[in-house]
Every structure is written in C-alpha cells, then in structure tokens.
Amino acid sequence: MFDKVQAAAERLQGQARRTPVMTSRTLNTRAGAEVFLKCENLQRVGAFKFRGAYNAISQLSDEQKACGVLAFSSGNHAQAVAYVGQLLGVKTTIVMPDNAPSTKRLATQGYGGSVILYDPQKEDREVVARTLAEEHGYTLIPPYDNVNVLVGQGTAALELHEDVANLDVLLVPVGGGGLISGSAIATKGVNPSCKVIGVEPEVANDAYLSFKTKELLAIKNPPTIADGTRTPSLGKITFPLVLEYVDDFRTVSEDAIKEAVRFLFYHLKIVVEPSGALGVAALLSGALSVSGRVGVILSGGNIDAPTMTAILSEG
Ligand SMILES: *Cc1c(COP(=O)(O)O)cnc(C)c1O
C-alpha cells in the first residue's frame, strides 16, 4: 500500500499545494513537546479532501471521465470533487440533502458541480446516488472508503514526514477513516517507529470503540461541532486498515475542540475548522500526554463566519 501513497504523491505534484508546516513556542510549552502542524486548512478547497479526489478522478478511464462522476456529501468532499472535476474537465454531480446550508451548495456550484437535492426524511442518499449513477453512467467517488481516495489523503502525512524527520507521534482526526488510513500507511512506510493516533470527538467516538472492540460500530448523527467527523462509522475498507496500521485513539470534548480552534486563531493566526483542530485539542486538553516530536494534521479550514464568531466569543 505504501507504494500507492508514493504514486499518489507523484500524481499530485503541481496539483495539490505543498502546505506549510507551522510551529508555535506557546503550543510547545502547553503540550510539553515539539509540535509540528501540517496546514491542510491551506490546501486547495480548504481541506485535504482535494488530494484524494484528485488522485481518484485523475485515474479514471477516458470513458469514465467522459460520462462524469458523482459524489454524495455536503461537506469538503463535495467541494473537492467539484473542483477537481473543473480542473480535469470532468462533469460532476453532487447529491446533497435539501437542508444543507446554502453556503455549501453555492460553494459546490461555484466550483462547477451540478447539485441534486434530496429529502433526507424521505429518501436514502445512497439509493438516490446509485439510481443517478446507473441512469447516467456516472462513476461514484466515495469520500473515504476507496483505495485511490485514501492513499491520496495519505500524501499529506508523507509530506509532513519529508519536511520533519523523526516524528515520534502523529495525530490525525478521524471521520470515515480515509485520512488516518492513508496517513498511517505513509507513516509506517517512512518512519515505522512513529506512533499514529486517531482523535475523535467524545460524542462521536465510533472509531475509537470499533478499534478497541475490533467490531465495526456506528453512531448515527452524533451531536458534534466537528462536522467533518459526523460520519456514522469507519468503512469496509478503512476499518481493517485502521486495525492494521493505527496505534491508538484519543477522544476530546466539544469544549476542548472549540478551545483548540480559538488557540489556533489567536496564537497561530490561522483559521481551522473544528474537525481540523482535533489533534491540537488532544494536546491542549491533556487527553494525550506526549513528549518528543509530535506531528498534527490540521485537516481543514472551512468554517462559516457565524460558527467562528460563536466559538471566538465563548472563550
Ligand atoms: C473529511 C474530513 C475529516 C475526516 O476524514 P475521514 O477521511 O472521513 O476520516 C476530518 N477533517 C476534515 C476537515 C474533513 O473534511
């Protein structure tokens, strides 16, 4: 699998931004470790999802590209697929719930995606998506449970290890497990002694529980502010990869997540969405006590102004 991450990195050359690694003395002091932040909030479309979408869509056959692709998501994956489609001249259709915030719909349309709305009370999004795919010959690009997608996501960790040698620990936020699977494969390929630790909201700790019990558990619609991690469970492909490659998990409270978003805003002057701040939340809250060199993936920066304002005014 590591060779697939390396191949994805080559494919992404000149396409994905090589995002910076930031450090902060204040954070080092608070964490009691040397912390290196991989800023995927500064990636194209504002999240690492660009990597997996590009790696997957660019490898489709000419025929598949001519028919177009389909994704179901209202979040960062939707925008990534729409944007990559625009770059590669591939038609994209995004299936979204009709209660998705209009900003997300407009952003996706702004990148050239056709948005199809469905009623989440009455319809199942996978059925809606499958029907559309069959009718039009679209290829489905899943948000995490797909090898080309997850090895693409792993290139973020690969770059971090290239820029910062000898990390002892890598902290990665977990939703459906694409980012952490790819990151763990990359890590064990470059620096096998580096521990890979997944971080989840306490109220959305399905991956943590699945990891501990070795049985795939789901939590539907968890009430977390970290919307990138609201996926009910790991996937059929990502769950076994998590069991094989990931070393441990930690969970953090909603307050700790907001505190981390504020910390990154005030001390590093960067905008990081709640899902993206999970690793820093684990360090600041003491959910994980570490020493040595710690890498953290700041997975995304897409947060709307009202949510950011509310988080900042609470602190
Ligand atoms: C999608 C996403 C995640 C979770 O990634 P998975 O591959 O689903 O585990 C975390 N943070 C952000 C910002 C995301 O967009």
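Everything here concerns the structure above.
Before going into details, it helps to say that this report is about the structure given with it. Being a predicted model, the structure only gives us computed values, none of them experimental. (Residues numbered from 1 in each chain as written. Predicted model: local features only at pLDDT ≥ 70, side-chain atom pairs only at ≥ 80, totals over all residues. Heavy atoms only, no water.)

Summed over all chains, the structure comprises zero disulfides. In this model cysteine 39 remains outside any disulfide bridge; the closest cysteine sulfur is found in cysteine 194, 17 Å from its own. For cysteine 39, a relative accessible area of 0% puts it in the buried group. By relative accessible area, cysteine 194 is classed as buried at 0%. (Disulfide = S-S within 2.5 Å. Buried < 20%, exposed > 50% of the residue type's maximum accessible area, 1.4 Å probe, protein only.)

Turning our eyes to something else, we now look at the side chain of threonine 224. Tracing the sequence through the fold places threonine 224 in the loop between α11 (206-213) and α12 (238-245). Given the relative accessible area of 3%, threonine 224 is considered buried. Apart from the residues lying within four places of it in its own chain, the contact partners of threonine 224 are Pro201, Val203, Ala204, Thr229, Arg230, Glu254 and Ile257. (Helix = DSSP H or I, 4+ residues; strand = E, 2+ residues; numbered from the N terminus. Contact = heavy atoms within 4.5 Å.)

As a further point, take the nonpolar core. In this structure, Leu37, Leu171, Leu264, Val280, Leu283, Val296 and Leu298 are the most contacted members of the largest nonpolar core, which totals 37 residues. For this core, the secondary-structure elements that each account for two or more residues are α2 (25-31), β2 (34-39), β7 (169-173), β8 (195-201), α13 (254-268), α14 (278-285), β10 (293-298) and α15 (305-314). At seven residues, α13 tops the list of elements feeding residues into this core. If we ignore the near neighbours within four places in the chain, the residues touching valine 280 are Leu27, Leu37, Ala260, Leu264, Val296 and Leu298. (Core = buried A, V, L, I, M, F, W, Y, C linked by side-chain atoms within 4.5 Å.)

The next subject is the pattern of salt bridges. Counted by the stated rule, this structure contains 12 salt bridges. Here aspartate 248 ties to arginine 250 by a salt bridge, and the two come within 3.2 Å at their closest N and O atoms. Taking the relative accessible area as the measure of exposure, arginine 250 reaches 24% and is therefore partly exposed. Within the structure, one salt-bridge network assembled from shared partners comprises Lys38, Glu40, Arg51 and Glu159. (Salt bridge = Lys/Arg side-chain N within 4 Å of Asp/Glu carboxyl O.)

In this section: the layout of surface pockets. Computed from the structure, the second largest pocket encloses a volume of approximately 200 Å³. Lining the second largest pocket we find 14 residues, and of these Ala9, Leu12, Gln13, Arg18 and Glu159 sit closest to its centre. Looking at the lining of the second largest pocket, the elements that each hand over two or more residues are α1 (2-12) and α9 (155-163). Residues belonging to the lining of the second largest pocket are distributed by class as follows: four nonpolar, four polar and six charged. (1 Å grid on protein atoms, 1.4 Å probe; cavity = no way out; pocket = protein on both sides within 12 Å on 5 of 7 lines; lining within 4 Å. Points joined across faces, edges and corners; volume = space filled by probe spheres on them. Nonpolar A, V, L, I, M, F, W, Y, C, P; charged D, E, K, R; others polar.)

With that out of the way, let us pick up the site of the ligand. Near the ligand, the surroundings consist of 14 residues, among which Lys49, Gly175, Gly176, Gly177 and Ser299 are the closest. A distance of 2.7 Å separates an oxygen atom of the ligand from a polar atom in the side chain of lysine 49. Residue glycine 175 places a main-chain N or O atom 2.8 Å away from an oxygen atom belonging to the ligand. Considering the ligand on its own, with 380 Å² of exposed area, one finds that the protein chains cover 97% of that surface. (Near = heavy atom within 4 Å. Polar contact = N/O pair within 3.5 Å; in protein donor to acceptor, adjacent residues only side chain to side chain. Areas by Shrake-Rupley, 256 points an atom, 1.4 Å probe, with all protein chains shown as cover.)

Taking 1.5 Å per residue as the helical rise, helix α10 (residues 178-190) with its 13 residues ought to reach 18 Å, and the 18 Å between its terminal C-alpha atoms agrees with that figure. In terms of burial, α10 is a largely internal element, 10 of the 13 residues being buried. Of all the positions in α10, only Gly178, Leu179, Ile180, Ser181, Gly182, Ser183, Ala184, Ile185, Ala186 and Thr187 are classed as buried. (Expected span 1.5 Å × (residues − 1).)

Turning our eyes to something else, we now look at α11. Within the sequence span of α11, burial applies to Asp206, Ala207, Ser210 and Phe211. Buried residues in α11, looked at end-on, bunch into an arc of 135°, giving them a common side. In the core, the buried residues of α11 are packed alongside β8, α12 and β9 (248-252). Where α11 terminates, the next one or two residues include lysine 214, which has phi positive at roughly 60°. (Arc of directions from axis to C-beta.)

Bringing the sheet that holds β8 into the picture now. Overall, mixed pairing links the six strands, which are arranged β1-β2-β10-β7-β8-β9 in an open sheet. Since the sheet does not close on itself, it has two edges, and those belong to β1 (21-22) and β9, each with one partner. Running over the sheet, α13 touches β1, β2, β8, β9 and β10 and is turned about 90° from β9. (Pairing = 2+ DSSP bridges. Axes fitted to C-alpha atoms, helices over the stretch in contact; angles between N-to-C directions.)

Here we come to the side chain of threonine 187. Residue placement: threonine 187 occurs in helix α10. Not counting residues up to four positions away in its chain, the partners in contact with threonine 187 are Ala157, His161, Leu170, Pro192, Cys194 and Val196.

Moving on: the pairing of strand β5 (residues 114-118). Note: strand β4 (residues 92-97) against β5, five bridges, orientation parallel. When the bridges of β5 are listed, valine 95 appears paired with isoleucine 116.

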